Every structure is written in structure tokens, then in C-alpha cells.
Amino acid sequence: MINVPSEVQSKYELLEKKLTDMRQHNVFSSIQSVEDLRTFMQWHVFAVWDFMSLAKRLQQDFTCVTLPWMPPTEIEAARLVNEIILGEETDVMPNGQAASHFEMYLIAMQEIGASTNQINRLLTMVSNGADLADALTNLKVSPAIKNFVLTTMLVAMHGKTSEVLGSFFYGREDSIPEMFDHLLKTWNIREKDAEVFVYYLNRHIELDGDAHGPAVQKIMNNRLKGDVKAWHELFDSAIHAVDLRIALWDALEQEINSTKAIKTTTQLHAAVA
């Protein structure tokens, strides 16, 4: 449970309202076919990728990742962050093979025939030294994807620890279980048609809800304590992250529905012909 100072209670309440909109967004119920799921995953994979930069930034802040090694100053936080990294970067597939959740997501995309071309090209360009903003522009991704990824990376690379915690916890760990559970309950996809993706969703519901989310809550309480300024920074960052996620969901829902409309129109024309 978060120990929110009274001075930021109104900001916390605003965030909670936005979180409800994000977690229960209509984009999830719009996924009624494997084709819809392909579109969803081709967009969402960018958020799966940039998430790890937030996680690794927290590892930098709370553990020692430089040489010579020095003992962490916040040992409990260091342990909790390392446990999160273990699960996110080196989890286990159903067949026992080790894989990051990002790699697991790519396998799930391939299973249902979703294209991984854009995300793979992005990784290649960035690994070869390309500017991330330029790479996203060259790939012609949706502006909603570009804004989401660039903001995530800005926070991960240059934000204060309080801002990273806000984006990481409220934008990701605390919200993912409810979002993914809502997806599983509202979509119209048979589990056998997307087995790896269903495993990925259930794995996040389990890890984020039972372990990772509570761990970050503990880190936040211990790090920020009564620092009202830091709590303001955390909630401002969280609200911005949630707003961008809602914008991403809005654009994705529009894309899915637009694709459906085009398909329906094409089928009608074919039937008339």
C-alpha cells in the first residue's frame, strides 16, 4: 500500500481516475479476431520493448552495475529490483527455455502471424547508432507509438528516480495485471490460437500482481517517505505516462476498427460484384 502524503492526495485521486480509463479501455474488447490481435501486438510490442529501459534504470539506481563493485546503499530495494529484472529479462517459457518477456512476446507474435518487421528494424537501427526519434520516423510508426516510446526513454535516461518509479509502477507494473485480465475476459480469441501470448499475459498477471507490483510499492515508500516534492514528481510522471498510454490505446482502437471497416467494405463490394 502506498503511503501518500496528504499534500499530494488530490493528484493521487486524479491519477486513480485516469488509471481506471487506461485499464478498462475499449481497445481490449475491440479484439475479436486473430487479425485484430495481430494489429494490437504490432503496436503494443513497442511498449514491451521500452519497458525494459525503465526497469534497467531502476537497477542502475538501486544496485551496483559499475566496476569496481560497491555494496548497495538500499539493500532491500536492491534485492527487490534484482528479482524484478530476473523475472522480466530471464523468465522461463513453457518448454523450460529461458527468455526475456520481450523475446517471449516476439515468439507469441510469430505464433499468430503478426509481423515483427518494424520492431526488429528499430532494434537494428538503434543498435547501429541511429537516433531513436529518427528511427521511429523512418519506420513511419503511429505518432501515438512514437510519443509513447520517446517519452518512456526520456524518463528512463534523464528522469529523477522518483519520476522513473512513477512511470514504472503506475504506467506498467501496477496496471498490467488488470489490463491483461480485462483483455482475456473481453476478447474473442480461442486460447489455442494464441497459446504463447496467453502464457505471456498470465505470467504478467501473476508476477506483476503478486510480486513485482508490491515490491515497487515497498521501494517507493522506503525511498520517498515524507518527501512531498518527490511524491509530486512521482505522480506528475505517472499521470503523464498514463495519459500517453490512453492516447496509445485510443489510436490503436481506431486502427483496429478502421481495419475492420475496410475489410467489411471490401467483402460487400466483392459480394455485389
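For the structure, see preceding data.
1. A word on the nonpolar core
At step 1: Counting 89 residues, the largest nonpolar core has Leu37, Phe40, Tyr170 and Phe197 as the members making the most contacts within it.
At step 2: Ranked by residue count, the leading element in this core is helix α2 (residues 34–62), at 15 residues.
At step 3: The contacts of phenylalanine 40, once residues within four sequence positions are left out, are Val27, Phe28, Ile31, Tyr105, Leu183, Phe197, Trp249, Leu252 and Ile256.

2. A closer look at the packing of α2 against helix α8 (residues 161–173)
At step 1: At a minimum axis distance of 10 Å, the contact between α2 and α8 shows a crossing angle of 140 degrees. Overall, the two elements α2 and α8 adopt an arrangement that is oblique. The way α2 lies across α8 gives a crossing that is left-handed. Note on element contacts: α8 touches α2 through Thr161, Val164, Leu165, Ser167, Phe168, Arg172 and Glu173, opposite Ala47, Asp50, Phe51, Leu54, Ala55, Arg57, Leu58, Asp61 and Phe62.

3. What about unusual backbone geometry?
At step 1: With an omega of -5 degrees, the peptide bond running from leucine 67 to proline 68 counts as cis.
At step 2: Even without glycine at this site, lysine 140 takes up a positive phi of about 60 degrees.
At step 3: Inspection of the secondary structure assignment puts lysine 140 in the loop between α6 (132–139) and α7 (143–158).
At step 4: You will see that lysine 225, though not glycine, has its phi angle at about 45 degrees, which is positive.
At step 5: Structurally, lysine 225 can be placed in the loop between α10 (195–224) and α11 (228–272).
At step 6: A relative accessible area of 58% means that lysine 225 is categorised as exposed.

4. Here we look at the environment of alanine 114
At step 1: Tracing the backbone through its elements, the reader meets alanine 114 in the loop between α4 (101–112) and α5 (117–127).
At step 2: In this structure, the C-alpha to C-alpha distance between alanine 114 and alanine 215, residues 101 residues apart in sequence, is 33 Å.
At step 3: For alanine 114, the contacting residues outside a window of four places in its chain are Arg38, Gln42 and Met109.

5. A closer look at the environment of methionine 220
At step 1: For methionine 220, the position within the fold is in helix α10.
At step 2: Judged by relative accessible area, which is 0%, methionine 220 ranks as buried.
At step 3: Ignoring any residue separated from it by four or fewer positions in sequence, one finds methionine 220 in contact with Ile2, Leu165, Phe169, Tyr170, Lys225, Trp231 and Leu234.

6. Quick word on helix α3 (residues 75–89)
At step 1: With 15 residues, α3 should reach 21 Å at 1.5 Å per residue; the first-to-last C-alpha distance of 21 Å fits that figure.
At step 2: Buried residues belonging to α3 abut α2, β1 (91–92), α4, α8 and α10.

7. With respect to the packing of α2 against α10
For any two helices packed against each other, the geometry comes down to the angle between their axes and how far apart the axes lie.
At step 1: Across the interface, α2 lies against α10 with an axial gap of 14 Å and an inter-helix angle of 30 degrees. Looking at the two axes, α2 sits roughly parallel to α10. Every pair of crossing elements has a handedness; the one defined by α2 and α10 is left-handed. The residues of α10 that touch α2, namely those facing Leu37, Phe40, Met41, His44, Val48, Asp61 and Phe62, are Phe197, Tyr200, Ile219 and Arg223.
At step 2: Across the contact of α2 with α10, the residue classes tally to eight nonpolar, one polar and two charged.

8. Comments concerning the side chain of aspartate 50
At step 1: With respect to the helices, strands and loops of the structure, aspartate 50 is situated in helix α2.
At step 2: The exposure class of aspartate 50 is buried, given its relative accessible area of 0%.
At step 3: Reaching out from aspartate 50, the side chain makes a polar contact with the side chain of threonine 152 at a distance of 3.2 Å.
At step 4: Only 2.7 Å separates the side chain of aspartate 50 from the side chain of arginine 172, close enough to count as a polar contact.
At step 5: Those residues in contact with aspartate 50, other than ones at most four positions away along the chain, are Phe148, Val149, Thr152, Met153 and Arg172.

Procedures and definitions
Every chain's residues receive numbers from 1 upward, in the order its sequence appears when written. Selection of residues for local features in this predicted model requires a pLDDT of at least 70, selection of side-chain atom pairs for listing and counting requires 80 or more, and totals for whole chains, interfaces and linings are taken over all residues. Remark: hydrogens and water are excluded; side-chain values derive from all non-hydrogen atoms of the structure. The definition of a nonpolar core used throughout is a set of buried Ala, Val, Leu, Ile, Met, Phe, Trp, Tyr and Cys residues joined through side-chain atoms within 4.5 Å. Here's how the labels work: a residue is buried when its accessible area is under 20% of the maximum for its type, exposed when over 50%, partly exposed in between, all with a 1.4 Å probe on protein chains only. By definition, any uninterrupted DSSP run of H or I lasting at least four residues is a helix, any uninterrupted run of E lasting at least two residues is a strand, and each is numbered from the N terminus. In this analysis, two residues are considered to be in contact whenever any of their non-hydrogen atoms come within 4.5 Å of each other. Only C-alpha atoms enter the line fits that serve as axes; for helices the fit covers just the stretch in contact. Angles between N-to-C directions range over 0 to 180 degrees. Here roughly perpendicular refers to angles of 65 to 115 degrees, roughly parallel to angles under 35, roughly antiparallel to angles over 145, and oblique to all remaining angles. A crossing counts as left-handed when the near helix is turned anticlockwise from the far one by less than a right angle, and as right-handed when that turn is clockwise. Take the residue count of a helix, subtract one, and multiply by 1.5 Å to get its expected span. When residue character is reported, Ala, Val, Leu, Ile, Met, Phe, Trp, Tyr, Cys and Pro are called nonpolar, Asp, Glu, Lys and Arg charged, and the others, Gly included, polar. Polar contact is the term for a pair of N or O atoms within 3.5 Å; when the atoms are in protein, one must be able to donate a hydrogen and the other to accept it, and sequence-neighboring residues count only if both atoms are side-chain atoms.

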